[in-house]
Amino acid sequence: MKPDSTESNILVQSSAVDLGDAFPEYAKTNINQVAGKYFGHLSAASVYVTREGITYRCTVNMQMGALKMMTGEAKNKDLYAAFRAALQKTAKQLRRSKRELREDKAERTDKDMLLREGAAPRRTQRRSEEAAPPANDEGDYRVAAE
């Protein structure tokens, strides 16, 4: 995944809080990391920060491919902690939607049966193994003479 192509799709903004230079870069790298982990194709993402008294409210919106918009929101006294909590909520939604898509696939019974048959020894092999006498039998004098 190319970081330059998705960085234009990520907006980090606030109307009342000065975010500086470090927070937008931190937000973009973490959003790219979460996007790469779950689906890989980030259509659009936005982070919006507001100040409510002494706490920050952070809202993270992520659009992955053709999926619906995933949103997470959190409050904390620390801006970075509020962002991480909101991103975790969004990542949880992405993880659940990925699991739902993966479990929606039909079960392949033919493949399952082939795997089980290949793991167990065949009946003819089991009979031949049971019929062969042990190699070091006390009644076999040829083995004892060697």
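All residue numbers refer to position in the chain's written sequence, counted from 1. Note on the predicted model: pLDDT of at least 70 is required for a residue's local features to be given, and 80 or more for side-chain atom pairs to be given and counted; whole-chain, interface and lining totals, by contrast, use all residues. To obtain the side-chain values, all non-hydrogen atoms of the structure were included, while hydrogens and water were left out.

**A word on the overall build of the protein**
Along its length, the protein carries six helices and four strands. Each helix corresponds to a stretch of at least 4 residues labelled H or I by DSSP, and each strand to a stretch of at least 2 residues labelled E; elements are numbered beginning at the N terminus. Helices and strands appear in the protein in the N-to-C order α-β-α-β-β-β-α-α-α-α. Buried means the residue's accessible area, taken with a 1.4 Å probe over protein chains only, is under 20% of the maximum for its type, while exposed means over 50%, and partly exposed covers the values in between. Of all 146 residues assigned to the protein, the portion counted as buried reaches 27%. Of the contacts formed within the protein by residues at least 6 apart in sequence, a portion of 47% connects residues at least 24 apart. Here the protein has roughly 10,700 Å² of accessible surface; of this, 49% comes from carbon and sulfur atoms. Contact definition: two residues touch when any of their heavy atoms are within 4.5 Å. To be clear on the numbers: accessible area is Shrake-Rupley with a 1.4 Å probe, and residue cover counts the displayed protein chains and nothing else.

**Description of the sheet that holds strand β2 (residues 42-52)**
Read from one edge to the other, the open sheet built from four strands follows the order β1-β2-β3-β4, with strand pairing classed as mixed. Looking at which strands have only one partner, the edges of the open sheet turn out to be β1 (10-13) and β4 (70-76). On average, each strand axis in the sheet is inclined to that of its neighbour by 10°, with strand direction left out of account. Two elements, β2 and strand β3 (residues 55-64), share ten bridges in a ladder whose sense is antiparallel. Looking at the pairing, glutamate 52 lines up with threonine 55 of β3. Of the strands in this sheet, β1, β2 and β3 are in contact with helix α2 (residues 22-38), which crosses β2 at around 135°. Any two strands are treated as partners once DSSP identifies two or more bridges connecting them. Under this scheme, a helix contributes an axis fitted over its contacting stretch, all axes are lines through C-alpha atoms, and angles between N-to-C directions fall in the 0 to 180 degree range.

**Description of the pattern of salt bridges**
Should a side-chain nitrogen of Lys or Arg be within 4 Å of a carboxyl oxygen of Asp or Glu, the pair is scored as a salt bridge. For the structure on display, the rule yields three salt bridges. Two residues, arginine 57 and glutamate 52, come together in a salt bridge whose shortest N-O distance is 2.7 Å. Glutamate 52 gets classed as partly exposed once you look at its relative accessible area, which sits at 32%. Linking glutamate 52 and lysine 75 is a salt bridge whose minimum nitrogen-to-oxygen distance equals 3.5 Å. Within this pair, whereas glutamate 52 is found in strand β2, its partner lysine 75 is found in strand β4, the two being separated by 23 residues in sequence.

**Things to note about α2**
An expected span of 1.5 Å times one less than the residue number is assigned to each helix. With 17 residues, α2 should cover 24 Å at 1.5 Å per step; its first-to-last C-alpha distance of 25 Å lies within 8% of that length. Restricting attention to buried positions, one finds in α2 the residues Phe23, Pro24, Ala27, Lys28, Asn30, Ile31, Asn32, Val34, Ala35 and Tyr38. In the segment just after α2, glycine 40 is the residue with positive phi, at about 95°.

**Section: the pairing of β2**
Successive side chains on a regular strand alternate, one facing one side of the sheet and the next facing the other. As paired elements, β1 and β2 share four bridges and run parallel to each other. Paired with isoleucine 10 across the two strands is alanine 45, which belongs to β2. Remark: two residues form the turn of the hairpin made by β2 and β3, two consecutive strands paired antiparallel; glycine 53 in that turn has positive phi of roughly 70°.

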